[in-house]
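In case you want the letters, here they are:
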Amino acid sequence: MAHLSLANLERAESIVACYPQRRSALIPLCHLAQAQDGWLSEEAMEDIAGLLGCTPAEVRGTASFYDMLHTEPVGRHVVTVCTNIACMLAGAYEVLDHAEASLGISVGQTTADGEFTLEQAECLAGCDNAPCVQVNHRFFGPLDPDGFDALAKDLRSGRLAETVPAHGILSRIERSVGLPGQAAGSGGGAEAGGERGSPAGGERGSPAGPPTGAVPE
Amino acid sequence: MITRAPRIVTSRVELADSFTLERYLATGGYEALRKALSMAPADVAAEVNKASLLGRGGAGFPAGRKWSMLRHATTTYLVVNGDESEPATFKDHVLIERDPHQILEGTAIAAYATGVSKAFIYCRGEFALGLERLQQACNEAYAYGALGADVLGSRYALDVVIHPGAGAYICGEETALLESLEGKRGFPRIKPPFFPAAFGLYGEPTVVNNVETISNLPWIVTHGGDRFAALGEGSSTGTRLFALSGRVEHPGCFEIEMSKTTFRDLIYDPSLGGGIPAGKALRAFIPGGVSAPWFGPDQLDLGLNQDVVGQAGSMLGSGSVVVMDSDTCPVRAAWRIAQFFHRESCGECTPCREGSGWIEKIMYRLEHGLGREEDIDLVLDACDNISPGLRWPPAQTTICVLGPSIPSAIVSAAKMFRDEMLVHVKDGSCPFPADVVRRG
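Here the structure is a predicted model, which is why all the values come from computation and not from measurement.

Reading the values: rules and limits
- Residues numbered from 1 in each chain as written.
- Chains lettered and ligands numbered in written order.
- Predicted model: local features only at pLDDT ≥ 70, side-chain atom pairs only at ≥ 80, totals over all residues.
- Helix = DSSP H or I, 4+ residues; strand = E, 2+ residues; numbered from the N terminus.
- Buried ≥ 20, exposed ≤ 12 C-beta atoms within 10 Å, placed from the backbone.
- Contact = placed C-beta atoms within 7 Å.
- Domains from an automatic or database assignment.
- Nonpolar A, V, L, I, M, F, W, Y, C, P; charged D, E, K, R; others polar.
- Axes fitted to C-alpha atoms, helices over the stretch in contact; angles between N-to-C directions.
- Parallel < 35°, antiparallel > 145°, perpendicular 65-115°, else oblique.
- Left-handed = near helix turned anticlockwise from the far one by under 90°.
- Pairing = 2+ DSSP bridges.
- Core = buried A, V, L, I, M, F, W, Y, C linked by C-beta atoms within 7 Å.
- pLDDT = per-residue confidence, 0-100.

Trainee: Help me understand the overall build of chain A in this model?
Mentor: Helix and strand counts for chain A come out as 7 helices and 4 strands. When each of the 217 residues of chain A is scored for burial, the buried share is 48%. Within chain A, residue pairs in contact and separated by at least 24 positions form 55% of the contacts whose partners lie at least 6 positions apart.

What follows is the structure in structure tokens.
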């Protein structure tokens, strides 16, 4: 009995089909599993290994290299405070210290109610909005301690549910075209970006079909 | 007078719907690709050679020459590097979120010119919104016919896959990126022999280009390589995105003609950085990402030109400039950069893996007033073990350039701010004010 849901197993197969070698889909499938569970469980890694034709140890050994892949459970909101040079110069450690105090946890821990996991990040490329913070990899900033508290309150109340989807960076959009045997318009219905809905779902053109590898003369 | 024209890669970024196919088409989108497809691939490559477009990822290698090194084989790949992670660099982030179609069009042009039928865009995993925008744009481009089995009716076939990373600085290094794209840990490959052009993705010849490099291609094809090369000076042609951060009034990402602007303009011009808050003095600045040696006030009048900055002992690197004012503790800045490298060292080579840890610990105790005078020489000795001679450009004892990047900040701080380091030792604490959030 697979741990990943039937829909996710199907989606996993369509992701694997994008690559000339199955193993290439390892990171995308880990993101997919995190969209389902928030983290990478033993069972999810076994499923992924089965899909890729490698061992669960190879999945874990690879996943443990990457900061975004969690091999332990995390809270509903993973809050990442950047403290690298640009954010540090803008007072990021003040924000981080405040975050630890107000959430009552240290970096790397999860609140008892499961709402927040606090992380310290290396540069997130949001230096024009320093100090910057990500929640489930959505950007916020510049933040001061009061701004952090307001953000935490909004997250707790669910007011930011639109801007900050649950875990899994691939949860809101998927490839809808160009794959062998895939019908047009399946998936991809998410709005790409909170500010303004771009045309979504429904009216995709005919699938382009698999590339033939033909290069013009 | 700073002229910020022409806008080559940022012409759309300020439009609210810049990332949609509708807006892209309304602003001339995919016309360059149409033009490229009417030319022979070799002629497209020749235009890019004429433009002498330097790679915008950090190493500054000419893009056209990179293409010409591609071994002709039945299977070849194009990989676009969007794993922007050099601290204080946020230009690709802007391009990915604001103009994903431009990246796709550039990708298609590069793929056509190099005879590739399968391309991957490796996007940094933390750019969740950027990944959504890229995938949405990719879906739209397929539906429009700009990608797929028959690109714009030319019978040229191209498949583009948007691939997410998962958080690892090292994966910005091109061979580590290829390992990561193969579903493995991001361990760099040794070069030679594993130059991607000869042995790249799945061992096949592969071109790896940065997102900003790729984003220049539609303009170059439309306007011609000569017009691009007419901008800038010497080998630094065209415009470039500079990401300005730290203690400046207006941190931001600015597209500027190469060579014609100085660091002083970038930091102080009211239309760019707008100067240092509260009228403080400049202590130092980093000219091209934290891997670059620092400059002081004396270098403010250097032009934003790859060769000029190189000859002055640093690099333009990833185009990110970090400003430190008179309140900034240079020891703390150097310690934080050392900590970054320690955390992000992939662990493959001993000098980098072990050395970065030693350096971070010594810098930590210096900054926190627990250091000894001899620690300064000790930390430089540790740096020398990673990059013998501590010269510029640096010598290398490791597989990739992450190792020799570690000493840059440390050596800069020790050379420029030895006295400040000694005050830390004498006082037993940091004499500078704590970094606080600016309010209001």
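Trainee: Before we go on, may I ask you to explain the domain arrangement of chain A in this structure?
Mentor: You'll often see interface size given as the accessible area lost when the parts meet. Looking at the assigned domains, one finds that chain A contains domain 1 (6-63) and domain 2 (77-157). Placing a centre on the C-alpha atoms of domain 1 of chain A and another on those of domain 2 of chain A gives a separation of 29 Å.

Trainee: It is not clear to me how the interface of chain B and chain A should be interpreted in this structure. Could you clarify?
Mentor: Opposite the 75 residues of chain B that make contact, chain A presents 65 residues. Looking at the side of chain B that touches chain A, the elements that each hand over two or more residues are α7 (128-144), β3 (159-164), α8 (174-181), β7 (239-246), β8 (252-257), β10 (320-325) and α14 (330-344) of chain B. Per-element tally for the side of chain B that touches chain A: the top contributor is α7(B), with 12 residues. Each residue belonging to the side of chain B that touches chain A can be placed in one class, and the counts come to 35 nonpolar, 22 polar and 18 charged.

Trainee: I keep staring at the packing of helix α15 (residues 350-367) of chain B against helix α16 (residues 375-386) of chain B and nothing clicks. Help me out?
Mentor: A pair of packed helices is captured by two measures, namely the crossing angle of their axes and the spacing between those axes. All names here are of chain B. Running from amino to carboxyl end, α15 crosses α16 at an angle of 165°, the nearest separation of the two axes being 9 Å. In terms of their interaxial angle, α15 and α16 are classed as roughly antiparallel. The two elements α15 and α16 meet at a crossing, and its hand is left-handed. Here α15 contributes P351, C352, G355, W358, I359, I362, M363, R365 and L366 to the contact with α16, which in turn contributes D375, L378, V379, A382, C383, N385 and I386. By residue class, the composition of the contact of α15 with α16 is 12 nonpolar, 2 polar and 2 charged.

Trainee: Whenever I open this one, the sheet that holds β3(B) confuses me. Can you help?
Mentor: Strand pairing within a sheet occurs via backbone hydrogen bonds; the two strands may be parallel or antiparallel. Residue and element names in this part refer to chain B. Strands sit in the order β3-β2-β1-β4 across an open sheet of 4 strands; the sheet is parallel. This sheet does not close on itself; its edge strands, each paired only once, are β3 and β4 (206-210). Along the sheet, successive strands turn relative to each other by an average axial angle of 20°, direction set aside. For strand β2 (residues 118-123) and β3, the ladder comprises 6 bridges, and the chain directions are parallel. If you follow I121 over to β3, its bridge partner there is I162.

Trainee: How should the domain arrangement of chain B be read in this particular structure?
Mentor: Residues and elements named next belong to chain B. Taken domain by domain, chain B comprises domain 1 (21-229), domain 2 (232-325) and domain 3 (330-427). Just the C-alpha atoms count here: the centres of domain 1 and domain 2 sit 26 Å apart. The interface of domain 1 with domain 2 comprises 19 residues on the first partner and 19 residues on the second. Counting residues per element, the ones that place at least two in the side of domain 1 that touches domain 2 are α5 (91-98) and α11 (225-229). Here the residues of the side of domain 1 that touches domain 2 sort into 9 nonpolar, 6 polar and 4 charged.

Trainee: Would you take a moment to explain the nonpolar core for this structure?
Mentor: Side chains of nonpolar character tend, in soluble globular proteins, to be buried together. All names here are of chain B. One finds V79, I109, F285 and I410 to be the most contacted residues of the largest nonpolar core, which totals 204 residues. Ranked by the residues each element gives to this core, the list is headed by α7, at 9 residues. Look past the residues within four positions of I109 in its chain and what remains in contact with it is A32, L33, A36, V44, L217, P218 and V221.

Trainee: Can you walk me through the sheet that holds strand β4 (residues 138-140) of chain A in this structure?
Mentor: Residue and element names in this part refer to chain A. With mixed pairing, the 4 strands of this open sheet are ordered in space as β2-β1-β3-β4. At either margin of the open sheet sits one strand with a lone partner, and together these are β2 (116-121) and β4. The sheet shows a mean angle of 25° between the axes of neighbouring strands, direction not considered. Looking at chain direction, strand β3 (residues 133-135) and β4 are connected through 3 bridges and run antiparallel. Opposite V133, over in β4, you have F140 as the bridge partner. Strand contacts of helix α6 (residues 92-103): β1 (77-82) and β2, with the helix running at about 150° to β1, the strand carrying the most contacts.

Trainee: Explanation requested: the environment of B:A338 in the structure shown.
Mentor: Residues and elements named next belong to chain B. With respect to the helices, strands and loops of the structure, A338 is situated in helix α14. By C-beta crowding, A338 is classed as buried, having 30 other C-beta atoms within 10 Å. Sequence-wise, A338 and H163 are 175 residues apart; in three dimensions their C-alpha atoms are separated by 30 Å. Filtering out sequence-adjacent residues up to four positions away, A338 remains in contact with S356, I359, E360, M363, I406, A409 and I410.

Trainee: Which parts of the structure should I look at to understand α5(B)?
Mentor: At 3.6 residues per turn, the α-helix brings residues three or four places apart onto the same side. For α5(B), the buried fraction is high: 7 of the 8 residues fall into the buried class. Of the positions making up α5(B), those classed as buried are B:K91, B:D92, B:H93, B:V94, B:L95, B:I96 and B:E97.

Trainee: So what exactly am I meant to see when it comes to the environment of B:E367 here?
Mentor: Of note, B:E367 is situated in helix α15. Excluding anything up to four places from it in sequence, B:E367 contacts B:V331, B:R332, B:W335, B:H424 and B:C430.

Trainee: What is the right way to read the confidence of the model for chain B from this model?
Mentor: Counting all residues, the mean pLDDT for chain B is 96, and 99% of those residues have values of 70 or more. For this predicted complex, the interface score ipTM comes out at 0.96, alongside a pTM of 0.93.

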